[in-house]
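What follows is each chain in one-letter form.
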Amino acid sequence: MLKCLIALIALVACSAQAAESIDYTRIDPIVEVRAIWVNADAIPKTDKAIRELVRSYHNANINVLFPEVIARGYAAYPTRLLARDPRFTGAVDPLPPMIDEAHKLGMEVHPWVWVFRAGYTKDRGAILTAHPDWVMLGKYGEDLSANGGLWISPAIPEARDFLACLFAELVSKYDVDGLHLDYIRYEVQSPIPYGYDQTSRCAFKQQYGIDPIDIQRLSINQILWNKFRERLVNSFVQRISAQTRAIKPNLKISAAVGSDPTTARLNLLQNWPNWVDNKWVDFLTPMAYTSNDATFTQLVTNQLQAVGHKTIIVPGIGLHMQKNKPDQTIAQIGIARELDAGGQALFASAYYSDPLALMLKCEPYSSPALLPFRDPACKSALLCNCAEKSTDAASQAYFAARSTALADYAAYQSGSIGYVAPTDPPLDIPENIIPLPTVDIPKTASPVNVDGDLNDSAWQSAAKVALAYTNDGAPASVETTALLTYDDDNLYVAFQAVEPNMDKLKATVTKRDGPTFYDDSVEVFIDPADMRRAYYHLSTNTLGTRFDQKVFDTNWNGEWLSAAQTNSAGYTVEMAIPFSIFGISTPAHGTKMALNLTRNRTTSGSMEYLTWAVLYGGFHNPDRFGTAILD
């Protein structure tokens, strides 16, 4: 091992050259996780078909299966504790043949279980049907979230006990190799924060003397409220980890977690780096789902930096976002290897195709790989030996780095540590909060021709507002002016964006509902009812490509117009937004709407988020939208 460390030090000087010369999609890594989430809909219903499925993954040298067996508040297998998933009525128990066939082939099976999410729009699930009082509530009393989810409150002791018993029975009943936790978090905290059931509120008030319903988001008490809910999740991870290892010490605990550790803490109340600090998990699969390779690179970099070599990071690659693009999946496997991740997990079976299987077998998975979380010290020595025998500097650097990472992992996992307390949530509480803006929008009798040219007379009398700040409240580095007017049928919005670096302007998205907000672009967030819960999100780039959604429902599409023009000093955008797409007729004089106007700027080298109303966080915070009044 010492030789390997010395070799690594000696190779630092040539690491840049090595990185350029190695093809990470074709290197034989020897040791790595190659997992696939086998979603319930993709699990066959017969013994023969299940075994054929397992063999098909083995043929592609995949070595870990995550079969989705507890989901939507049901179980895919027979159990005395929970009703069987309707999708498996009359089907064989999928676990025995899957486990048997996988083990014959040297593969592992780690059942994929939903933890706190237990139902959805069309079906509350068996758990919440039997125990409606266990449901997690939003701040305004909602149980069904904007994402169409129904959740179990982590604060209810009886619910925690039930879930613990359910998972204990699963790992006791079957010869599984691990337990894979999903939805081990709160519902997304935007647009409506969740966790306000009576049990949670009473427990928090008893401890801190304030009802969380009364906490302002930008106050010191918000830190306490976040820590309280985060602690409920942490303690359950700790419980399931200890319980599972007590039943079967060799079982490995893993979890599908938020792709960015900071965002996961703030928006999911999920502090997964602290799980790593306390050795409650053996490896993690952050859901780095994106069709943008640069974004994938940044996400995986952040994940690895958050935990170092204390655990094995296995980035999740979103096949569902790369439909019919197996070459992009291959590229992201190469990126994960180049960044020194411990493997990859493919989401999911429903999007796995024969062309992808063929490319995996021919390129990145051409040879079988050993699992790094099994005897990591031995695997580290194996990789060290590979580094010593390699004939080129690039391969030496790769194997030496992987050997060192696994040696560090083995040392941390086998070492003795006390409880590691979590740090405070990364909430920035501003000393002086910028007030929410208001704008009076005048009505126009002049027509607006949506062509990106702002010479129409209607714009001369329009209201003008400045996008003067970043989303965190810092002064904007460039000028952006928004103009607003309306008539009986439409709200009209225009943007004048000053841009000194027009040669660096990013405009790549051409398909309707593509991610225009990754380009240089502008966005409109509007809640016509001024309730600051549901809202509409419209975005367009300098090509005039449109993206829209209702909250996070991208299936919603409205018929609105946009056009843009560029020049040497910047660009202009025009938008005509019919009131009818919001389900309202001509609004009355004095109508109030919650509104925000934003700009995404890429040309400085890193994304800048400019805004009219300062949100102190992401754009999807309707409680920090401004107010528009139709004159």
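Further up the page is the structure itself.
Description of the structure in this document. Throughout, a residue's number is its position along its own chain's written sequence, starting from 1. Where local features are concerned, this predicted model is filtered to residues with pLDDT of at least 70; where side-chain atom pairs are given and counted, the filter is 80 or more; whole-chain, interface and lining totals use all residues. Values shown for side chains rest on all heavy atoms present in the structure; no hydrogens or waters enter the calculation.

1. Thoughts on the overall build of the chain
Scanning the chain from terminus to terminus reveals 15 helices and 26 strands. C-alpha atoms define the radius of gyration in this analysis, and the globule rule sets the expected value at 2.2 Å times the number of residues to the power 0.38. Compactness check: the chain gives a C-alpha radius of gyration of 26 Å against a globular reference of 25 Å for 631 residues, within 12% of the reference. Projected onto the principal axes, the alpha-carbon positions of the chain cover approximately 75 × 60 × 50 Å. Evaluated residue by residue, the chain yields a buried proportion of 57% over its 631 residues. Any two residues whose heavy atoms approach within 4.5 Å at even a single point are treated as in contact. A fraction of 73% describes how many contacts in the chain between residues 6 or more apart in sequence connect residues 24 or more apart. Shrake-Rupley sampling with a 1.4 Å probe provides the accessible areas, and residues are treated as covered by the protein chains on show and by no other component. Counting only carbon and sulfur atoms, one obtains 52% of the accessible surface of the chain, whose full area is about 24,800 Å². Think of it this way: Lys and Arg go in the positive column, Asp and Glu in the negative one, and His and the chain ends go nowhere. A charged residue contributes its charge at one atom only: NZ of Lys, CZ of Arg, CG of Asp or CD of Glu. Each charge class in the chain was averaged separately, 54 positive and 68 negative side chains, and the resulting centres sit 6 Å apart. Where helices and strands are cited, they refer to DSSP runs of H or I of at least four residues and of E of at least two residues respectively, numbered from the N terminus. When accessible area is computed with a 1.4 Å probe and restricted to protein chains, residues below 20% of their type maximum are described as buried, those above 50% as exposed, and intermediate ones as partly exposed.

2. Re the pairing of strand E23 (residues 570-578)
Counted residue by residue, E23 has nine buried out of nine residues, so it is predominantly covered. On E23, burial covers both faces: Gly 570, Thr 572, Glu 574, Ala 576 and Pro 578 on one face and Tyr 571, Val 573, Met 575 and Ile 577 on the other are all buried. Only strands joined by at least two bridges in the DSSP assignment are considered to pair. Pairing of strand E18 (residues 490-498) with E23 involves nine bridges; the strand directions are antiparallel. Residue pairing across strands places Ala 494 opposite Glu 574, the latter belonging to E23.

3. Considerations on the pairing of strand E20 (residues 536-541)
Here E20 lies mainly inside the structure; six of its six residues are buried. Residues of E20 alternate between two faces, with Tyr 536, Leu 538 and Thr 540 on one and His 537, Ser 539 and Asn 541 on the opposite face, all of them buried. Sheet topology places strand E19 (residues 521-527) next to E20; six bridges connect them, and they run antiparallel. Bridge pairing in E20 links Ser 521 to Asn 541. With five bridges connecting them, E20 and strand E21 (residues 546-550) associate as antiparallel partners. Counterpart to Thr 540 in the pairing with E21 is Arg 546.

4. Focus: the packing of aromatic side chains
Think of it this way: a Phe, Tyr or Trp ring, Trp meaning its six-membered ring, pairs with another when their centres are within 6.5 Å, and the plane angle makes it stacked under 30 degrees, edge-to-face over 60, tilted otherwise. Evaluated as defined, the whole model comprises 31 aromatic pairs. Here Phe 66 and Phe 283 contribute two aromatic rings whose centre-to-centre distance is 6.5 Å and whose plane-to-plane angle is 20°, an arrangement assigned as stacked. Taken together, the positions of Phe 66 in strand E2 (residues 64-71) and Phe 283 in strand E10 (residues 283-286) put the pair 217 residues apart, joining distant regions of the chain. In this structure, Phe 66 and Phe 283 share a single accessibility class: buried. With a centroid separation of 5.9 Å and 50° between ring planes, the pair formed by Phe 525 and Phe 625 is classed as tilted.

5. Quick notes on the sheet that holds strand E17 (residues 480-486)
Across the sheet, five strands lie side by side as E15-E17-E18-E23-E22; this open sheet has antiparallel pairing. Strand pairing shows two members of the sheet lacking a second neighbour, strand E15 (463-466) and strand E22 (561-567), which therefore form its edges. Adjacent strand axes in the sheet meet at a mean angle of 15° when their direction is disregarded. In terms of strand pairing, E22 meets E23 through seven bridges, oriented antiparallel. Bridged to Thr 566 within E23 is Tyr 571. Angles here are taken between N-to-C directions and fall from 0 to 180 degrees, while the axes themselves are lines fitted to C-alpha atoms, restricted in helices to the stretch in contact.

6. Description of the environment of Thr 591
One can find Thr 591 in the loop between E23 and strand E24 (592-601). In contact with Thr 591, other than residues within four places in its own chain, are Ala 628, Ile 629 and Leu 630. The definition of a polar contact used here is a pair of N or O atoms within 3.5 Å, where within protein one atom must be able to donate a hydrogen and the other to accept one, and adjacent residues in sequence count solely through side-chain atom pairs. Reaching out from Thr 591, the side chain makes a polar contact with the backbone oxygen of Ala 588 at a distance of 2.6 Å.

7. A closer look at the pattern of salt bridges
Opposite charge on two side chains allows them to pair when their charged atoms are near. By definition, a salt bridge exists where a carboxyl oxygen of Asp or Glu is found within 4 Å of a side-chain nitrogen of Lys or Arg. The tally for this structure, following the rule as stated, stands at 28 salt bridges. Close ionic contact of Arg 87 with Asp 85 constitutes a salt bridge, the shortest N to O distance being 2.8 Å. Among the ionic pairs, Arg 512 bridges to Asp 548, the shortest N-O distance being 2.5 Å. Linking Arg 512 in the loop between E18 and E19 with Asp 548 in strand E21, this pair joins segments that are 36 residues apart in sequence. Residues participating in the shared-partner salt-bridge network are Asp 47, Arg 51, Arg 55, Asp 100, Glu 101 and Lys 104.

8. Regarding helix H13 (residues 354-362)
The complete set of buried residues in H13 reads Leu 356, Ala 357 and Leu 360. The buried side chains of H13 occupy one side of the element, clustering within an arc of 100° when seen end-on. For H13, exposure combined with an orientation more than 90 degrees from the buried face picks out Asp 354 and Leu 358. Those residues of H13 hidden inside the fold are in contact with helix H12 (326-338) and strand E13 (343-347). An arc is given here, and it is the one of the directions from the helix axis to the C-beta atoms.

9. Observations concerning the side chain of Thr 444
Looking at where Thr 444 falls in the secondary structure, it is placed in the loop between strand E14 (438-441) and E15. A relative accessible area of 10% places Thr 444 in the buried class. At 3.0 Å, the side chain of Thr 444 forms a polar contact with the backbone nitrogen of Ser 446. Filtering out sequence-adjacent residues up to four positions away, Thr 444 remains in contact with Ala 458, Thr 485, Tyr 486 and Asp 487.

10. Description of the packing of H12 against H13
Each pair of packed helices can be described by the angle between their axes along with the distance between the axes. At a closest axis distance of 9 Å, the pairing of H12 and H13 adopts a crossing angle of 35°. Crossing of H12 over H13 shows right-handed handedness. Side by side, H12 and H13 meet where Pro 326, Asp 327, Thr 329, Ile 330 and Ile 333 of the first sit next to Leu 356, Met 359 and Leu 360 of the second. The residue classification treats Ala, Val, Leu, Ile, Met, Phe, Trp, Tyr, Cys and Pro as nonpolar and Asp, Glu, Lys and Arg as charged. All others, Gly included, are polar. Partitioning the contact of H12 with H13 into residue classes produces six nonpolar, one polar and one charged. Two helices that cross are described as forming a left-handed crossing if the nearer one is turned anticlockwise from the farther one by less than a right angle, and a right-handed crossing if clockwise.

11. Some details on the nonpolar core
Only buried residues count toward a nonpolar core. Its members are Ala, Val, Leu, Ile, Met, Phe, Trp, Tyr and Cys residues joined through side-chain atoms within 4.5 Å. Grouped together as the largest cluster of nonpolar side chains are 132 residues, with contacts concentrated most on Leu 65, Phe 167, Ile 184, Trp 275 and Tyr 352. When near neighbours in sequence (up to four residues on either side) are disregarded, Ile 184 contacts Val 115, Phe 116, Val 233, Phe 236, Val 237, Ala 255, Gln 270 and Trp 275. Grouped together as the second largest cluster of nonpolar side chains are 34 residues, Ile 441, Ala 497, Tyr 536 and Ile 577 included.

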